[in-house]
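These are the residues of each chain, in order.
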Amino acid sequence: MTVHATSLQQERTEQSLPRWKRFPTYGYIAGAVNLTVWFFAWSRIDPWYRYSFFALWFSFILFVDALVKARRGTSLLTRAPAKFAQLFVFSTLFWWLFEAFNIPVQNWHYVMDQPYTALQFNLIATLNFTTVLPAVMEIAEFWTSFPRLRPRMPASFIGERASEKTITRLIALGVACVILPCVFPRQTFILIWLSLALVLDPINNLIGRKSALAHLKARDWRFLLVLPLSGLTCGFFWEMWNSQSLPKWQYTIPYVGFGKVFEMPILGYTGYLPFALELFAMYQFLLAFFGQRDDALAF
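Residues numbered from 1 in each chain as written. Predicted model: local features only at pLDDT ≥ 70, side-chain atom pairs only at ≥ 80, totals over all residues. Heavy atoms only, no water.

This brings us to the overall build of the protein. Secondary structure assignment for the protein yields 14 helices and four strands. Principal-axis analysis of the C-alpha atoms gives the protein an extent of 50 × 50 × 35 Å. Split into buried and exposed, the 299 residues of the protein put 52% on the buried side. Here the analysis covers contacts within the protein between residues at least 6 apart in sequence; of these, 78% occur between residues at least 24 apart. Working note: accessible area of the protein is about 14,200 Å², and carbon and sulfur atoms make up 69% of it. Charge separation in the protein, taken as the distance between the mean sites of 26 positive and 17 negative side-chain charges, equals 7 Å. (Helix = DSSP H or I, 4+ residues; strand = E, 2+ residues; numbered from the N terminus. Buried < 20%, exposed > 50% of the residue type's maximum accessible area, 1.4 Å probe, protein only. Contact = heavy atoms within 4.5 Å. Areas by Shrake-Rupley, 256 points an atom, 1.4 Å probe, with all protein chains shown as cover. Lys, Arg positive; Asp, Glu negative; His and termini not counted. Charge placed at Lys NZ, Arg CZ, Asp CG, Glu CD.)

Here's what the structure looks like:
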């Protein structure tokens, strides 16, 4: 039985229970840990606040997973624990790639609480970067648990393949979005938040993976709404918790560096919308690279 079939069976079985009975114990523990670490981070309680990022986000991810479990009767962690863990591994690779993209544009930089060696910084950063992909995917699982936001295409459905001409043009556009910020970083920095989706999503569609392009061809607008919404939701929590924490990051964004909400300029939040689509495309592409068919996602 596939993960998706098991997920549907569990969802039907447990939906008959009252929602409060479906909320798992680990969700209560995660919520308590999250609030405790949040207090340490913002109160600058030494030494805990220095290393609060991973604990804050890992507990948040588990809490959201528990919410999904309560709403659907199943969740990423409970139906596919190996895939849940794999998200953390993939996430590190993904965000280090975005750190490389930031080298020419220099849109964000880190404010440290103390001097760190290169090895210390890279180890701590790598651990923290593990939480990016699972956070966005868990939030997407949560939003898609609401019937009005659930994509119309079944989670296991690949959808229609686009024409080779369309795929070629989108990939070429994506490659341009990678190159231009390196050549004209001040003028075209925003393109890094479109580049990977434009390159990888058409490839995913071509090789028979789930893709935003297939949802677009099917006019499944819910998918194209819920993933950006998930990115924006995570963006709010990233920026909120970052605002009073150390270490932290700050932004230097040309032209739109006004009207800050926390550390992020208000227009900068628009970058979180395509970012979630990029993460989804990167996840599908890497699964294909490793020959893994099922992504374990409920959307």
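Turning to the nonpolar core, a few remarks are in order. Ranked by size, the top nonpolar core spans 64 residues in total, and within it Met 137, Leu 227, Trp 238 and Phe 275 carry the most contacts. A total of 11 residues in this core trace back to one element, the largest contributor, which is helix H14 (residues 272–289). Non-local contacts of Leu 227, meaning those with residues more than four positions away in its chain, are made with Met 137, Ala 140, Ala 276, Leu 277, Phe 280 and Phe 299. (Core = buried A, V, L, I, M, F, W, Y, C linked by side-chain atoms within 4.5 Å.)

For the rest of this paragraph, the subject is unusual backbone geometry. With an omega of 0°, the peptide bond between Asp 46 and Pro 47 qualifies as cis. Along the chain, Pro 47 falls in the loop between helix H3 (25–43) and helix H4 (52–72). The step from Leu 246 to Pro 247 runs through a cis peptide bond, and the omega angle for that step is -10°. Structurally, Pro 247 is set in the loop between helix H13 (221–243) and strand S2 (248–251). For Tyr 255, which is not a glycine, the phi torsion comes out positive at approximately 75°. With a phi close to 65°, Phe 262 is a non-glycine residue in the positive phi region. With respect to the helices and strands, the residue Phe 262 is situated in the loop between strand S3 (260–261) and strand S4 (264–265).

Now for the packing of aromatic side chains. Under the defined criterion, the tally for this structure stands at 41 aromatic pairs. With a centroid separation of 5.9 Å and 65° between ring planes, the pair formed by Phe 23 and Phe 63 is classed as edge-to-face. Of this pair, Phe 23 sits in the loop between helix H2 (19–22) and H3 while Phe 63 sits in helix H4, placing them 40 residues apart in sequence. Residue classification places Phe 23 among the buried positions, given a relative accessible area of 14%. Ring centres 6.1 Å apart and planes at 65° place the aromatic pair Phe 53 and Trp 249 in the edge-to-face group. Here Trp 249 lies in strand S2 and Phe 53 lies in helix H4, a separation of 196 residues in the sequence. With a relative accessible area of 23%, Phe 53 lands in the partly exposed category. One residue, Arg 71, lies across the ring of Phe 146, its end atom 3.8 Å from the ring centre. A cation sits over an aromatic face here: Arg 186 above Tyr 255, 5.0 Å from the ring centre. (Phe/Tyr/Trp six-rings, centres within 6.5 Å; stacked < 30°, edge-to-face > 60°. Lys NZ or Arg CZ within 6 Å of the ring centre and 35° of its normal.)

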